[in-house]
Amino acid sequence: MKKYDRLVFVTKGDTAAGPMAEAILQSKYLLDALDVTSKGLIVLFPEPINPKAEAVLVSNGLSMKGHMSDPLEPEDFNERTLLLTMNDEIRRKVLETFQPEHEELVQVLYQFVGEPEEPRNPYGGTLADYGQCFSELESLIKKLVVQLNEEELLC
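First, a word on what this report is: a plain description of the structure on this page. (Residues numbered from 1 in each chain as written. Predicted model: local features only at pLDDT ≥ 70, side-chain atom pairs only at ≥ 80, totals over all residues. Heavy atoms only, no water.)

Let's talk about the overall build of the protein
Move 1: Broken down by element type, the protein carries five helices and four strands.
Move 2: Reading the helices (α) and strands (β) of the protein from amino to carboxyl end gives β-α-β-α-β-α-β-α-α.
Move 3: The principal-axis extents of the C-alpha atoms in the protein amount to approximately 40 × 30 × 30 Å.
Move 4: Counting only residues that meet the buried cut, the protein has 50% of its 155 residues in that class.
Move 5: At a minimum sequence separation of 6, the contacts of the protein that also span at least 24 residues come to 73%.
Move 6: Accessible surface, the protein as shown: approximately 8100 Å² in total, 51% of it carbon and sulfur.
Move 7: Within the protein, the 27 negative side-chain charges are centred at a point lying 4 Å from the centre of the 15 positive side-chain charges. (Helix = DSSP H or I, 4+ residues; strand = E, 2+ residues; numbered from the N terminus. Buried < 20%, exposed > 50% of the residue type's maximum accessible area, 1.4 Å probe, protein only. Contact = heavy atoms within 4.5 Å. Areas by Shrake-Rupley, 256 points an atom, 1.4 Å probe, with all protein chains shown as cover. Lys, Arg positive; Asp, Glu negative; His and termini not counted. Charge placed at Lys NZ, Arg CZ, Asp CG, Glu CD.)

Set out below in structure tokens:
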């Protein structure tokens with residue numbers, strides 16, 4: 001039996017790093033189907049993906065053109081959903097705001113895959129900054145794919 005049915009990348013606004021991470025993971029091969037999405041901690045109204053983030057995705061053969069930011073909600077928490085935040089601050093705010101029953105399923109992406117550094121936040125930066133964020137996310141997500149596939153083999 002697989003461990004997770006759903007994986008949610010959680011960022012502050014769900015307009016850059018979260019959708020990029022979602023697109024990257026959706027492009028990878030997983031042994032078992034996994035519903036992958038991204039959500040924002042602070043989403044006052046739906047917004048499209050940041051144009052620089054979309055440009056970087058397109059330059060890497062991916063796209064989230066139709067993506068609109070979506071707020072994280074209490075319904076996003078259950079024992080079969082893994083929530084991966086981009087940094088410790090967002091994880092802390094998620095835990096404070098929602099007080100989920102399964103706190104262990106709210107993890108920080110870079111820590112979850114055993115890396116020492118979080119991906120840089122490109123917000124307000126240049127196209128190159130968004131490209132750097134994409135590269136860092138891709139590296140982390142490659143490790144995530146290996147970890148998720150290994151967990152599937154062990155279940």
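With respect to helix 3 (residues 88–98)
Move 1: All of the buried residues along helix 3 are Ile90, Val94 and Leu95. One face of helix 3 carries all of its buried residues, which in axial projection span an arc of 135°.
Move 2: The opening residue of helix 3, the one whose side-chain oxygen lies 3.1 Å from the backbone nitrogen of Glu89, is Asn87.
Move 3: Gln99, located one to two residues past helix 3, shows a positive phi value of around 40°. (Arc of directions from axis to C-beta. Polar contact = N/O pair within 3.5 Å; in protein donor to acceptor, adjacent residues only side chain to side chain.)

Digging into the pattern of salt bridges
Move 1: The final tally for this structure, using the stated rule, is nine salt bridges.
Move 2: Across the pair Glu138 and Lys28 runs a salt bridge whose closest N-O atoms are separated by 3.7 Å. Of this pair, Glu138 sits in helix 5 (residues 127–154) while Lys28 is found in the loop between helix 1 (17–26) and strand 2 (35–40), placing the two residues 110 residues apart along the sequence.
Move 3: What makes Glu138 partly exposed here is its relative accessible area of 24%.
Move 4: Note that Glu136 and Arg120 form a salt bridge whose closest N and O atoms lie 2.1 Å from each other. Taken together, the residues span a long stretch of sequence, with Glu136 in helix 5 and Arg120 in the loop between helix 4 (109–112) and helix 5 at a distance of 16 residues.
Move 5: For Glu136, a relative accessible area of 16% gives the class buried.
Move 6: Each of Arg6, Asp35, Lys39, Asp70 and Asp76 takes part in a single network of salt bridges with overlapping partners. (Salt bridge = Lys/Arg side-chain N within 4 Å of Asp/Glu carboxyl O.)

Some thoughts on the sheet that holds strand 1 (residues 6–11)
Move 1: Sheet architecture is open: four strands sit in the order 2-1-3-4, paired in parallel fashion. Strands with a single pairing partner mark the edges of an open sheet, and in this sheet they are strand 2 and strand 4 (106–108). Across the sheet, the mean angle from the axis of one strand to that of its neighbour is 25°, orientation sign disregarded.
Move 2: The sheet contact formed by strand 1 and strand 3 (residues 81–85) spans five bridges and is parallel. Bridging from a neighbouring strand, Arg6 pairs with Thr81 of strand 3.
Move 3: With respect to the sheet, helix 3 is in contact with strand 1, strand 3 and strand 4, its orientation differing from that of strand 4 by roughly 165°. (Pairing = 2+ DSSP bridges. Axes fitted to C-alpha atoms, helices over the stretch in contact; angles between N-to-C directions.)

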